[in-house]
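# Summary of the model geometry
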Amino acid sequence: MEPFYFKSYDRIVGKADTPVELLSEMKRLENTDPFCVEYHVREGHISNWLKESGRPDLAVKTESAKDPKVVINILEAEIGKEGHGTQHKKGSGGQHSAKRGSGNRREMH
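Since this is a predicted model, take the numbers as computed values, not measurements.

## A closer look at the pairing of strand 2 (residues 11-16)
Two elements, strand 1 (residues 4-8) and strand 2, share five bridges in a ladder whose sense is antiparallel. By the bridge assignment for strand 2, Tyr 5 is matched with Lys 15. Linking strand 1 back to strand 2 in an antiparallel pair, the connection comprises two residues, with Tyr 9 at a positive phi of about 50°.

## Side note on the packing of helix 1 (residues 19-32) against helix 3 (residues 45-52)
Where helix 1 meets helix 3, the axes come as close as 11 Å, and the angle between the chain directions of the two elements is 165°. The pairing of helix 1 with helix 3 is recorded here as roughly antiparallel in orientation. Pair helix 1 / helix 3 crosses with right-handed handedness. Counted together, Pro 19, Leu 22 and Met 26 of helix 1 and Ile 46, Trp 49 and Leu 50 of helix 3 form the full contact between these two elements. Classifying every residue of the contact of helix 1 with helix 3 by side-chain character gives six nonpolar, no polar and no charged.

## Let's talk about helix 2 (residues 34-42)
Looking at helix 2, one finds that the buried residues are Cys 36, Val 37, His 40 and Val 41. Down the axis of helix 2, the smallest arc covering the buried residues is 130°, so these residues share one side. Looking at the buried positions of helix 2, the neighbouring elements they touch are strand 1, strand 2, helix 1, helix 3 and helix 5 (68-82). Among the residues trailing helix 2, Gly 44 stands out with phi positive, at a value near 80°.

## Considerations on the side chain of Ser 53
Along the polypeptide, Ser 53 turns up in the loop between helix 3 and helix 4 (56-62). From its side chain, Ser 53 meets the backbone oxygen of Leu 50 in a polar contact 3.1 Å long.

## Description of the pattern of salt bridges
One pass over the full model with this rule turns up nine salt bridges. Residue Lys 15 pairs with Asp 17 through a salt bridge whose shortest N-O separation is 3.8 Å. One salt bridge connects Glu 30 with Lys 69, and the closest N-O pair in it is separated by 2.8 Å. You can see Glu 30 sitting in helix 1 and its partner Lys 69 sitting in helix 5, a full 39 residues away along the chain. We classify Glu 30 as buried; its relative accessible area is 17%. If you follow the salt bridges from partner to partner, you end up with Glu 38, Arg 42 and Glu 43 in one network.

What counts and what doesn't
Residues numbered from 1 in each chain as written. Predicted model: local features only at pLDDT ≥ 70, side-chain atom pairs only at ≥ 80, totals over all residues. Heavy atoms only, no water. Pairing = 2+ DSSP bridges. Helix = DSSP H or I, 4+ residues; strand = E, 2+ residues; numbered from the N terminus. Axes fitted to C-alpha atoms, helices over the stretch in contact; angles between N-to-C directions. Parallel < 35°, antiparallel > 145°, perpendicular 65-115°, else oblique. Left-handed = near helix turned anticlockwise from the far one by under 90°. Contact = heavy atoms within 4.5 Å. Nonpolar A, V, L, I, M, F, W, Y, C, P; charged D, E, K, R; others polar. Buried < 20%, exposed > 50% of the residue type's maximum accessible area, 1.4 Å probe, protein only. Arc of directions from axis to C-beta. Polar contact = N/O pair within 3.5 Å; in protein donor to acceptor, adjacent residues only side chain to side chain. Salt bridge = Lys/Arg side-chain N within 4 Å of Asp/Glu carboxyl O.

Here is the structure:
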């Protein structure tokens with residue numbers, strides 16, 4: 001997958017290889033270069049990249065948004081759901097894994 005490059009006046013000001021990194025860069029740039037984020041959202045670059053990177057679900061949800069804050073909120077909500085079993089939400093993911101794992105162990109004994 002090709003990285004997404006945030007460009008501002010022909011300078012690369014951010015790079016993302018994953019939707020999680022995209023969200024992180026959007027949040028960072030929203031504070032340091034909001035017009036850059038606004039431009040990429042408005043022109044559909046974010047949703048196009050999501051589609052090309054194998055995330056058509058996120059692309060569809062973000063393509064009609066023209067406000068960077070809306071896109072950030074969508075990505076936070078969707079990535080948060082996915083992160084349920086990952087490091088990002090370690091506590092609840094670990095609890096669920098432990099329940100399933102311990103159940104499987106009991107069945108195996």
